[in-house]
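# Residue-level structure breakdown
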Amino acid sequence: MTWVGLVIALAGALGYAFGAALQQYEAVAEGASLRLVKRPRWWIGGVIGFVGASLHAVALSLAPLVAVQPISVATLVFAVPLAALMYGRRPYKAEILGSIAVAVGLLWLMVLVPAHNVRPSLGSGAAIGFIVVIGLIVLAAELVANRLRGPGKALVLSVGAGAVTASVSTFVRAVGGGMNGDWGRLLHWFTLVIPVLLVGAVVMLQRSYAVGYFGIAYAGVQVVDPITSVLAGAILLGEPLPTSPSTAVPAMLAAALTIGGTITLGRLAPDHSQPVGVDATRGSRSLTATSDLV
């Protein structure tokens, strides 16, 4: 069943990436406000993203967190070029290289984690503590982001979004992975928490997208989400982590590659939702000339 879960996770991740690119385009145009509900393309992106998230939830009921979460990372390579195409431009070389570096680095980190399909078990006390920790991360991200602009703000907001998204995956895994055909397990307060956390994740995602740096915002979510999920799976759900010293050096190299890719994405000029004229295009081009040379 693990391989079935991984295939479903890949389909869901591709849908999530496409939906995210659509929603980011609209979030830059309208900002992270209620005006977004009047934008049909934002709704289309939301529906596609919801289908992707639903497939991700199904995958989590069939395979452990440490096996499913890395699949979503690979879609970063597709999400950034999709966002570029939304603005009628070709992806910059730095966007492609940065996305590949983040995806490869994270996948490298994730394969170091042993994937054993243990039945998840999460107590109410641990679950409440986890929610409090996620809430503190979001609060800290908001406070810091209010003092920043540009890629720094997008990155900090994406940290909060990634943490909330990871909490959704953790509770979905706790509920779905522990069912074993017993639908009565759905009658638990964990099930009620999932949609609340999901709404919080959507709000945080739109705020990070609205800054205009889709590459770094999406990469930030893809970095924080799987790492937080793996830690939650190990600490809260009893899923194993690598213990061999031989994995330390590869893990540091993979982390360095991921950080380097994220920094590369952070150097890019923001996307703009409105078409620009020839003069503006030339001006924007000068801002990203260094990126094209990478």
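All values derive from a computational prediction rather than experimental measurement.

Cut-off values and rules
- Residues numbered from 1 in each chain as written.
- Predicted model: local features only at pLDDT ≥ 70, side-chain atom pairs only at ≥ 80, totals over all residues.
- Heavy atoms only, no water.
- Phe/Tyr/Trp six-rings, centres within 6.5 Å; stacked < 30°, edge-to-face > 60°.
- Helix = DSSP H or I, 4+ residues; strand = E, 2+ residues; numbered from the N terminus.
- Buried < 20%, exposed > 50% of the residue type's maximum accessible area, 1.4 Å probe, protein only.
- Core = buried A, V, L, I, M, F, W, Y, C linked by side-chain atoms within 4.5 Å.
- Contact = heavy atoms within 4.5 Å.
- Patch = residues over 30% accessible without salt bridge, like charges linked within 9 Å, V, L, I, M, F, W, Y side chains within 5 Å.
- Areas by Shrake-Rupley, 256 points an atom, 1.4 Å probe, with all protein chains shown as cover.
- Salt bridge = Lys/Arg side-chain N within 4 Å of Asp/Glu carboxyl O.

### Quick look at the packing of aromatic side chains
Centre-to-centre distance and the angle between the planes together describe a pair of aromatic rings. Per the counting criterion, the structure on display carries 5 aromatic pairs. With 6.5 Å between their ring centres and 55° between their planes, F171 and W189 make a pair best called tilted. Taken together, the residues span a long stretch of sequence, with F171 in helix α7 (residues 150-176) and W189 in helix α8 (residues 189-210) at a distance of 18 residues. For W189, a relative accessible area of 30% puts it in the partly exposed group. Look at F171 and F190: their rings are 5.3 Å apart centre to centre, the planes differ by 75°, and that puts the pair in the edge-to-face class. On the criterion of sequence distance, the pair formed by F171 in helix α7 and F190 in helix α8 is long-range, its members being 19 residues apart. By the burial criterion, F171 is buried, and F190 matches it. Cluster of aromatic residues (ring-pair linked, three or more members): F130, F171, W189 and F190.

### A word on the nonpolar core
V102, L122, F171, F190, Y209, F214 and Y218 are the most contacted members of the largest nonpolar core, which totals 58 residues. By residue number, the principal contributor to this core is α7, which donates 11 residues. When near neighbours in sequence (up to four residues on either side) are disregarded, Y218 contacts Y16, A17, A20, T75, L76, A79 and Y209. Y25, V28, M86 and Y87 belong to the second-largest nonpolar core, a separate cluster that totals 5 residues.

### Let's talk about a nonpolar patch on the surface
Together, I100, V104, W108, V111, V249, M252, L253 and L257 make up an exposed nonpolar region whose accessible area comes to about 720 Å². Residue assignment for the nonpolar patch shows that the elements contributing at least two residues are α5 (93-111) and α10 (248-266). Here L257 lies in helix α10.

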